[in-house]
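As a plain string of letters, each chain reads:
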Amino acid sequence: MIGKSGRLLLSFLLLPASQLIAQSIDESKDSTELQLKLYGSFRGHFAAYNKEVEIQENASRLGFEISATRNGIRYFTGLEMQVNMFRSATSFNLSASTTGGYLQADRNQDRQALSSRLGYLGVDLGKWGAVVLGKQRSIYYDITGYTDRFNVFGGGASATYTAGTDGGYTGTGRADQALTYRNSTGRFSYGAQFQFLNSNNNRWLDGLAVNLQVQLSEQFKLGMVVNQSYLNPSLIRSGEFIGLKGNPWYYAAVVNYRAGNWEIAGLFSRQQNGDAVNGRIIDPVNGISNPLVVFEAVGGELYFNYHWKKVSVLLGGNYYQPDTDIVTSSGERPINAAFKRRYIIAGAEYRPFRLLKLYSEARIANGTTSLGSRETSVFTIGLRLDAEGVFSKKLYD
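**Comments concerning the packing of aromatic side chains**
With the rule as written, the count across this model stands at 12 aromatic pairs. Relative to F153, the ring of F92 lies with its centre 6.3 Å away and its plane at 55°, an arrangement referred to as tilted. In this pair, F92 sits in the loop between β4 (73-83) and β5 (114-124) while F153 sits in the loop between α2 (141-144) and β7 (174-185), placing the two residues 61 residues apart along the sequence. Since its relative accessible area comes to 14%, F92 is described here as buried. Residue F153 is classed as buried on the basis of its relative accessible area of 2%.

**Let's talk about the side chain of Q271**
Note that Q271 resides in strand β12 (residues 262-278). Its relative accessible area of 0% is what places Q271 among the buried residues. Within the structure, the side chain of Q271 is placed 3.1 Å from the backbone oxygen of F295, a separation counted as a polar contact. Excluding residues that lie within four positions of it along the chain, Q271 makes contacts with A159, W249, Y250, F295, E296, A297 and Y320.

**Quick notes on the environment of R374**
Topologically, R374 is positioned in the loop between β18 (356-365) and β19 (378-396). Each C-alpha atom, one on R374 and one on A338, is 9.9 Å from the other, the two residues being 36 residues apart in sequence. Those residues within four positions of R374 in sequence are excluded, and the remaining contacts are A365, N366, G367 and T369. Side-chain polar atoms of R374 contact the side chain of N366, separated by 3.5 Å.

**Let's talk about the nonpolar core**
The nonpolar side chains of a soluble globular protein tend to be buried, and buried together. The biggest cluster of nonpolar side chains holds 36 residues, and the ones touching the most others in it are F92 and F295. Elements with a minimum of two residues in this core: β1 (31-49), β11 (249-259), β12, β15 (292-308), β16 (311-322), β17 (341-353) and β18. By residue number, the principal contributor to this core is β15, which donates four residues. Apart from the residues within four sequence positions on either side, F92 is in contact with A47, Y49, Q56, V152, F153, R363 and V378. Listed in part, the nine residues of the second largest apolar core include L103, A163, A276 and V294.

About the thresholds
- Residues numbered from 1 in each chain as written.
- Predicted model: local features only at pLDDT ≥ 70, side-chain atom pairs only at ≥ 80, totals over all residues.
- Heavy atoms only, no water.
- Phe/Tyr/Trp six-rings, centres within 6.5 Å; stacked < 30°, edge-to-face > 60°.
- Helix = DSSP H or I, 4+ residues; strand = E, 2+ residues; numbered from the N terminus.
- Buried < 20%, exposed > 50% of the residue type's maximum accessible area, 1.4 Å probe, protein only.
- Polar contact = N/O pair within 3.5 Å; in protein donor to acceptor, adjacent residues only side chain to side chain.
- Contact = heavy atoms within 4.5 Å.
- Core = buried A, V, L, I, M, F, W, Y, C linked by side-chain atoms within 4.5 Å.

Structure representation (C-alpha coordinates):
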(Lines give C-alpha, C1' and ligand atoms only; values in the text may rest on other atoms or scores of the structure.)
Protein backbone atom coordinates (compact mmCIF):
# COMPACT_ATOMS: atom_id res chain seq x y z
CA MET A 1 0.00 0.00 0.00
CA ILE A 2 1.26 3.48 -0.86
CA GLY A 3 0.72 6.05 1.83
CA LYS A 4 -0.49 9.58 1.33
CA SER A 5 3.06 10.93 1.09
CA GLY A 6 3.94 8.25 -1.44
CA ARG A 7 0.97 9.11 -3.63
CA LEU A 8 1.95 12.77 -3.60
CA LEU A 9 5.52 11.85 -4.58
CA LEU A 10 4.26 9.61 -7.42
CA SER A 11 1.97 12.36 -8.74
CA PHE A 12 4.82 14.81 -8.70
CA LEU A 13 7.05 12.41 -10.64
CA LEU A 14 4.34 11.62 -13.22
CA LEU A 15 3.28 15.25 -13.79
CA PRO A 16 5.88 15.97 -16.55
CA ALA A 17 4.90 12.79 -18.36
CA SER A 18 1.19 13.67 -18.26
CA GLN A 19 1.93 17.15 -19.62
CA LEU A 20 4.03 15.64 -22.42
CA ILE A 21 1.19 13.25 -23.36
CA ALA A 22 -1.34 16.11 -23.42
CA GLN A 23 0.99 18.21 -25.55
CA SER A 24 1.51 15.41 -28.06
CA ILE A 25 -2.29 14.97 -28.32
CA ASP A 26 -2.75 18.69 -29.03
CA GLU A 27 0.04 18.74 -31.61
CA SER A 28 -1.40 15.74 -33.38
CA LYS A 29 -4.53 17.76 -34.15
CA ASP A 30 -4.75 19.87 -37.29
CA SER A 31 -4.38 23.53 -36.39
CA THR A 32 -4.97 26.84 -38.16
CA GLU A 33 -3.11 30.00 -37.18
CA LEU A 34 -5.21 33.12 -37.61
CA GLN A 35 -3.54 36.53 -37.76
CA LEU A 36 -4.95 40.04 -37.98
CA LYS A 37 -2.67 42.95 -38.85
CA LEU A 38 -4.00 46.49 -38.42
CA TYR A 39 -2.01 49.53 -39.48
CA GLY A 40 -2.28 53.23 -40.14
CA SER A 41 -0.01 55.96 -41.43
CA PHE A 42 -1.06 59.59 -40.99
CA ARG A 43 0.91 62.21 -42.90
CA GLY A 44 0.57 65.93 -43.42
CA HIS A 45 2.71 69.00 -44.02
CA PHE A 46 2.96 72.68 -44.76
CA ALA A 47 3.83 73.32 -48.41
CA ALA A 48 5.30 76.65 -49.53
CA TYR A 49 5.08 77.38 -53.28
CA ASN A 50 4.10 80.24 -55.58
CA LYS A 51 4.50 82.66 -52.63
CA GLU A 52 1.74 80.83 -50.75
CA VAL A 53 1.62 78.35 -47.84
CA GLU A 54 -0.91 75.49 -47.74
CA ILE A 55 -1.61 72.63 -45.34
CA GLN A 56 -1.66 69.46 -47.43
CA GLU A 57 -2.61 65.85 -47.04
CA ASN A 58 0.27 63.49 -47.90
CA ALA A 59 -1.28 60.10 -48.73
CA SER A 60 -2.42 59.00 -45.26
CA ARG A 61 -3.85 55.51 -45.14
CA LEU A 62 -5.58 52.87 -42.98
CA GLY A 63 -5.45 49.16 -43.67
CA PHE A 64 -5.72 45.62 -42.43
CA GLU A 65 -4.69 42.13 -43.51
CA ILE A 66 -6.25 38.88 -42.30
CA SER A 67 -4.43 35.59 -42.82
CA ALA A 68 -4.97 31.92 -42.04
CA THR A 69 -2.02 29.50 -42.13
CA ARG A 70 -2.61 25.76 -42.31
CA ASN A 71 -0.20 22.96 -43.25
CA GLY A 72 2.44 25.50 -44.27
CA ILE A 73 0.13 27.37 -46.68
CA ARG A 74 -0.90 30.94 -45.89
CA TYR A 75 -4.21 32.34 -47.18
CA PHE A 76 -4.71 36.09 -46.82
CA THR A 77 -6.82 39.11 -47.75
CA GLY A 78 -6.18 42.81 -47.29
CA LEU A 79 -7.74 46.23 -47.73
CA GLU A 80 -6.10 49.66 -47.65
CA MET A 81 -7.98 52.95 -47.69
CA GLN A 82 -6.59 56.42 -48.26
CA VAL A 83 -7.60 58.95 -45.61
CA ASN A 84 -7.93 62.51 -46.90
CA MET A 85 -7.79 64.26 -43.53
CA PHE A 86 -7.27 67.81 -44.79
CA ARG A 87 -9.06 67.54 -48.17
CA SER A 88 -6.48 69.88 -49.70
CA ALA A 89 -6.96 70.72 -53.37
CA THR A 90 -3.28 70.14 -54.20
CA SER A 91 -0.94 67.21 -53.51
CA PHE A 92 2.64 66.92 -54.73
CA ASN A 93 2.83 63.25 -53.76
CA LEU A 94 2.18 61.37 -57.01
CA SER A 95 1.24 58.17 -55.20
CA ALA A 96 -1.63 60.00 -53.45
CA SER A 97 -3.87 59.69 -56.52
CA THR A 98 -6.58 57.04 -56.29
CA THR A 99 -7.68 57.51 -59.89
CA GLY A 100 -7.28 54.25 -61.81
CA GLY A 101 -8.18 55.32 -65.34
CA TYR A 102 -5.80 56.22 -68.14
CA LEU A 103 -7.24 57.64 -71.37
CA GLN A 104 -10.63 58.08 -69.73
CA ALA A 105 -9.67 58.78 -66.13
CA ASP A 106 -12.33 58.41 -63.43
CA ARG A 107 -11.47 61.07 -60.86
CA ASN A 108 -14.47 60.61 -58.58
CA GLN A 109 -12.48 59.22 -55.64
CA ASP A 110 -9.76 61.83 -55.39
CA ARG A 111 -11.40 64.22 -52.92
CA GLN A 112 -13.48 61.79 -50.88
CA ALA A 113 -12.69 61.46 -47.17
CA LEU A 114 -11.94 57.75 -47.79
CA SER A 115 -10.88 56.20 -51.09
CA SER A 116 -9.54 52.75 -51.92
CA ARG A 117 -5.83 52.15 -52.49
CA LEU A 118 -5.56 48.34 -52.29
CA GLY A 119 -7.88 45.34 -52.07
CA TYR A 120 -6.67 41.79 -52.65
CA LEU A 121 -6.87 38.06 -51.93
CA GLY A 122 -3.89 35.70 -52.04
CA VAL A 123 -2.20 32.48 -51.13
CA ASP A 124 1.46 31.98 -50.15
CA LEU A 125 2.72 28.50 -51.04
CA GLY A 126 6.15 28.92 -49.45
CA LYS A 127 8.93 27.79 -51.76
CA TRP A 128 6.42 27.57 -54.62
CA GLY A 129 5.75 31.30 -54.51
CA ALA A 130 2.78 33.58 -53.80
CA VAL A 131 -0.29 34.28 -55.95
CA VAL A 132 -2.35 37.45 -55.35
CA LEU A 133 -5.60 38.57 -56.96
CA GLY A 134 -7.07 42.09 -56.94
CA LYS A 135 -5.88 45.71 -56.74
CA GLN A 136 -2.29 45.54 -55.54
CA ARG A 137 1.24 46.87 -55.85
CA SER A 138 2.39 45.98 -59.31
CA ILE A 139 5.21 43.88 -60.70
CA TYR A 140 6.44 47.09 -62.37
CA TYR A 141 6.57 48.90 -59.02
CA ASP A 142 8.74 46.10 -57.58
CA ILE A 143 11.47 47.75 -59.70
CA THR A 144 10.51 51.44 -59.85
CA GLY A 145 9.77 51.54 -56.12
CA TYR A 146 13.50 51.54 -55.29
CA THR A 147 13.75 55.24 -56.20
CA ASP A 148 10.22 56.22 -55.08
CA ARG A 149 11.27 56.47 -51.43
CA PHE A 150 10.99 60.17 -50.65
CA ASN A 151 8.43 61.54 -48.20
CA VAL A 152 6.69 63.81 -50.72
CA PHE A 153 8.34 63.97 -54.13
CA GLY A 154 9.76 61.40 -56.56
CA GLY A 155 8.25 58.81 -58.86
CA GLY A 156 7.86 61.38 -61.62
CA ALA A 157 10.24 59.92 -64.20
CA SER A 158 9.48 56.19 -64.11
CA ALA A 159 6.03 56.22 -65.82
CA THR A 160 4.60 54.56 -62.71
CA TYR A 161 1.80 57.05 -62.04
CA THR A 162 0.62 57.53 -65.61
CA ALA A 163 -1.60 60.44 -66.72
CA GLY A 164 -2.04 61.69 -63.16
CA THR A 165 -3.48 58.35 -61.98
CA ASP A 166 -2.28 55.69 -59.54
CA GLY A 167 -1.13 53.56 -62.49
CA GLY A 168 -4.02 51.15 -61.95
CA TYR A 169 -5.30 50.74 -65.50
CA THR A 170 -1.83 50.49 -67.05
CA GLY A 171 -0.66 48.08 -64.33
CA THR A 172 2.39 50.18 -63.47
CA GLY A 173 1.48 51.51 -60.02
CA ARG A 174 -1.28 49.97 -57.90
CA ALA A 175 -2.53 47.61 -60.57
CA ASP A 176 -6.28 47.16 -61.11
CA GLN A 177 -7.85 43.69 -61.43
CA ALA A 178 -4.48 41.96 -61.54
CA LEU A 179 -3.24 38.44 -60.93
CA THR A 180 0.39 38.36 -59.79
CA TYR A 181 2.91 35.62 -59.05
CA ARG A 182 6.13 36.23 -57.12
CA ASN A 183 8.90 33.85 -56.06
CA SER A 184 12.63 33.69 -55.37
CA THR A 185 15.38 31.15 -55.90
CA GLY A 186 18.86 31.75 -54.53
CA ARG A 187 20.11 35.11 -55.80
CA PHE A 188 17.14 35.53 -58.13
CA SER A 189 13.64 36.84 -57.48
CA TYR A 190 11.04 37.16 -60.20
CA GLY A 191 7.40 37.91 -60.84
CA ALA A 192 4.65 37.99 -63.45
CA GLN A 193 1.43 39.98 -63.69
CA PHE A 194 -1.75 39.50 -65.72
CA GLN A 195 -4.61 42.00 -65.89
CA PHE A 196 -8.24 41.20 -66.63
CA LEU A 197 -9.94 44.60 -66.70
CA ASN A 198 -13.17 44.22 -68.66
CA SER A 199 -15.03 42.21 -71.25
CA ASN A 200 -15.73 44.85 -73.90
CA ASN A 201 -12.39 45.28 -75.67
CA ASN A 202 -12.27 42.00 -77.61
CA ARG A 203 -9.34 40.73 -75.48
CA TRP A 204 -9.29 38.21 -72.67
CA LEU A 205 -5.93 39.56 -71.41
CA ASP A 206 -5.61 43.31 -70.82
CA GLY A 207 -2.07 43.60 -69.45
CA LEU A 208 1.10 41.58 -68.96
CA ALA A 209 4.32 42.25 -67.01
CA VAL A 210 7.41 40.28 -65.97
CA ASN A 211 10.34 41.28 -63.78
CA LEU A 212 13.64 39.83 -62.62
CA GLN A 213 15.94 40.87 -59.77
CA VAL A 214 19.46 39.57 -59.14
CA GLN A 215 21.43 39.98 -55.92
CA LEU A 216 24.85 40.53 -57.49
CA SER A 217 26.59 40.80 -54.12
CA GLU A 218 25.70 41.50 -50.52
CA GLN A 219 25.46 45.21 -51.34
CA PHE A 220 24.38 45.37 -55.01
CA LYS A 221 21.06 44.38 -56.55
CA LEU A 222 20.02 44.70 -60.21
CA GLY A 223 16.41 44.63 -61.40
CA MET A 224 14.52 44.98 -64.66
CA VAL A 225 10.89 44.87 -65.77
CA VAL A 226 8.75 44.94 -68.93
CA ASN A 227 5.06 45.86 -68.84
CA GLN A 228 2.51 46.04 -71.65
CA SER A 229 -1.13 47.18 -71.59
CA TYR A 230 -3.53 46.05 -74.32
CA LEU A 231 -6.03 48.62 -75.53
CA ASN A 232 -9.05 48.06 -77.70
CA PRO A 233 -7.73 48.09 -81.31
CA SER A 234 -10.69 50.23 -82.41
CA LEU A 235 -9.66 52.85 -79.85
CA ILE A 236 -6.16 53.05 -81.32
CA ARG A 237 -7.50 53.29 -84.88
CA SER A 238 -10.15 55.87 -84.02
CA GLY A 239 -7.72 58.81 -83.79
CA GLU A 240 -9.70 60.08 -80.81
CA PHE A 241 -6.57 60.54 -78.71
CA ILE A 242 -3.76 62.68 -80.12
CA GLY A 243 -0.41 60.88 -80.26
CA LEU A 244 -1.74 57.39 -79.55
CA LYS A 245 -0.08 55.01 -82.03
CA GLY A 246 -0.32 51.61 -80.37
CA ASN A 247 -0.46 49.68 -77.12
CA PRO A 248 1.43 51.15 -74.15
CA TRP A 249 4.84 49.60 -73.38
CA TYR A 250 6.95 50.25 -70.28
CA TYR A 251 10.56 49.28 -69.55
CA ALA A 252 12.62 49.99 -66.43
CA ALA A 253 15.97 48.91 -64.96
CA VAL A 254 17.37 49.73 -61.51
CA VAL A 255 20.61 49.34 -59.57
CA ASN A 256 20.39 49.39 -55.78
CA TYR A 257 23.30 49.64 -53.30
CA ARG A 258 22.95 49.14 -49.55
CA ALA A 259 25.82 49.06 -47.08
CA GLY A 260 25.88 50.21 -43.48
CA ASN A 261 24.12 53.55 -43.18
CA TRP A 262 24.01 54.16 -46.95
CA GLU A 263 21.45 53.41 -49.61
CA ILE A 264 21.73 54.53 -53.24
CA ALA A 265 19.45 53.64 -56.16
CA GLY A 266 19.45 54.64 -59.82
CA LEU A 267 16.66 53.98 -62.31
CA PHE A 268 16.29 54.22 -66.09
CA SER A 269 12.87 54.01 -67.75
CA ARG A 270 11.33 54.17 -71.19
CA GLN A 271 7.69 54.15 -72.22
CA GLN A 272 5.86 54.11 -75.56
CA ASN A 273 2.23 55.31 -75.80
CA GLY A 274 2.28 55.05 -72.04
CA ASP A 275 1.63 58.49 -70.56
CA ALA A 276 -0.67 61.42 -71.25
CA VAL A 277 -1.08 65.12 -70.42
CA ASN A 278 -3.47 67.89 -71.33
CA GLY A 279 -2.31 69.91 -74.33
CA ARG A 280 -3.61 73.13 -75.83
CA ILE A 281 -5.08 73.86 -79.25
CA ILE A 282 -6.15 77.35 -80.32
CA ASP A 283 -8.92 77.20 -82.90
CA PRO A 284 -10.13 80.44 -84.56
CA VAL A 285 -13.70 79.11 -84.53
CA ASN A 286 -13.98 76.97 -81.39
CA GLY A 287 -11.47 78.85 -79.24
CA ILE A 288 -9.01 77.16 -76.86
CA SER A 289 -9.34 73.44 -76.08
CA ASN A 290 -7.23 71.18 -73.87
CA PRO A 291 -7.26 67.69 -75.41
CA LEU A 292 -5.56 64.68 -73.87
CA VAL A 293 -2.23 64.02 -75.63
CA VAL A 294 -0.43 60.65 -75.45
CA PHE A 295 3.37 60.75 -75.66
CA GLU A 296 6.53 58.64 -75.42
CA ALA A 297 9.38 59.42 -73.01
CA VAL A 298 12.62 58.31 -71.39
CA GLY A 299 13.35 59.00 -67.74
CA GLY A 300 15.86 58.67 -64.95
CA GLU A 301 15.59 58.77 -61.15
CA LEU A 302 18.20 58.91 -58.39
CA TYR A 303 17.71 58.21 -54.68
CA PHE A 304 20.30 58.68 -51.93
CA ASN A 305 19.77 58.10 -48.20
CA TYR A 306 22.28 58.35 -45.37
CA HIS A 307 20.98 57.70 -41.86
CA TRP A 308 22.78 58.13 -38.58
CA LYS A 309 21.00 57.24 -35.35
CA LYS A 310 17.66 59.13 -35.52
CA VAL A 311 18.54 61.42 -38.45
CA SER A 312 18.47 60.75 -42.19
CA VAL A 313 19.55 62.90 -45.13
CA LEU A 314 17.89 62.36 -48.52
CA LEU A 315 19.01 63.55 -51.94
CA GLY A 316 17.98 62.71 -55.48
CA GLY A 317 16.27 63.87 -58.60
CA ASN A 318 13.89 63.09 -61.46
CA TYR A 319 14.41 63.74 -65.18
CA TYR A 320 11.63 62.87 -67.64
CA GLN A 321 12.14 63.75 -71.32
CA PRO A 322 9.01 63.35 -73.49
CA ASP A 323 8.93 63.18 -77.27
CA THR A 324 7.21 66.49 -78.06
CA ASP A 325 7.19 66.07 -81.84
CA ILE A 326 3.44 65.46 -81.95
CA VAL A 327 1.25 67.09 -84.59
CA THR A 328 -2.53 66.91 -84.98
CA SER A 329 -4.23 66.08 -88.26
CA SER A 330 -4.74 69.79 -88.86
CA GLY A 331 -1.08 70.65 -88.18
CA GLU A 332 -1.23 72.04 -84.60
CA ARG A 333 1.35 71.13 -81.95
CA PRO A 334 -0.71 70.50 -78.80
CA ILE A 335 2.18 70.29 -76.29
CA ASN A 336 5.03 72.73 -75.74
CA ALA A 337 8.33 71.81 -77.42
CA ALA A 338 10.21 72.47 -74.14
CA PHE A 339 8.02 70.09 -72.10
CA LYS A 340 10.13 68.10 -69.65
CA ARG A 341 10.12 67.16 -65.97
CA ARG A 342 13.40 68.06 -64.27
CA TYR A 343 13.97 68.64 -60.56
CA ILE A 344 16.32 68.00 -57.65
CA ILE A 345 14.99 66.62 -54.35
CA ALA A 346 16.64 67.37 -50.98
CA GLY A 347 15.31 66.51 -47.56
CA ALA A 348 15.92 65.40 -43.99
CA GLU A 349 14.13 63.21 -41.44
CA TYR A 350 14.21 62.98 -37.67
CA ARG A 351 12.66 60.12 -35.70
CA PRO A 352 12.34 60.99 -31.99
CA PHE A 353 10.88 57.49 -31.55
CA ARG A 354 10.02 54.61 -33.88
CA LEU A 355 6.43 55.57 -34.69
CA LEU A 356 6.96 59.29 -35.33
CA LYS A 357 8.86 60.98 -38.15
CA LEU A 358 9.43 64.71 -38.64
CA TYR A 359 10.43 65.54 -42.20
CA SER A 360 11.35 68.42 -44.43
CA GLU A 361 11.71 68.09 -48.18
CA ALA A 362 12.24 70.46 -51.09
CA ARG A 363 11.73 70.11 -54.82
CA ILE A 364 13.98 72.45 -56.80
CA ALA A 365 12.43 72.46 -60.28
CA ASN A 366 13.91 73.49 -63.61
CA GLY A 367 11.47 71.93 -66.03
CA THR A 368 8.57 73.00 -68.23
CA THR A 369 4.96 71.81 -68.19
CA SER A 370 3.11 70.58 -71.27
CA LEU A 371 1.50 74.02 -71.62
CA GLY A 372 4.82 75.86 -71.49
CA SER A 373 4.87 77.24 -67.93
CA ARG A 374 7.73 76.70 -65.50
CA GLU A 375 7.51 73.77 -63.10
CA THR A 376 6.89 74.81 -59.50
CA SER A 377 9.58 74.62 -56.83
CA VAL A 378 8.18 73.55 -53.45
CA PHE A 379 9.35 73.41 -49.83
CA THR A 380 7.55 71.21 -47.28
CA ILE A 381 7.80 70.56 -43.56
CA GLY A 382 5.57 68.02 -41.84
CA LEU A 383 5.16 64.92 -39.75
CA ARG A 384 4.17 61.29 -40.12
CA LEU A 385 2.71 59.06 -37.40
CA ASP A 386 2.63 55.29 -37.94
CA ALA A 387 0.82 52.66 -35.89
CA GLU A 388 0.62 48.89 -36.27
CA GLY A 389 -0.78 45.97 -34.31
CA VAL A 390 -0.66 42.22 -34.94
CA PHE A 391 -3.02 39.81 -33.23
CA SER A 392 -2.82 36.03 -33.63
CA LYS A 393 -4.65 32.94 -32.40
CA LYS A 394 -4.21 29.24 -33.03
CA LEU A 395 -7.32 27.11 -33.58
CA TYR A 396 -7.41 23.31 -33.27
CA ASP A 397 -9.86 21.06 -35.11
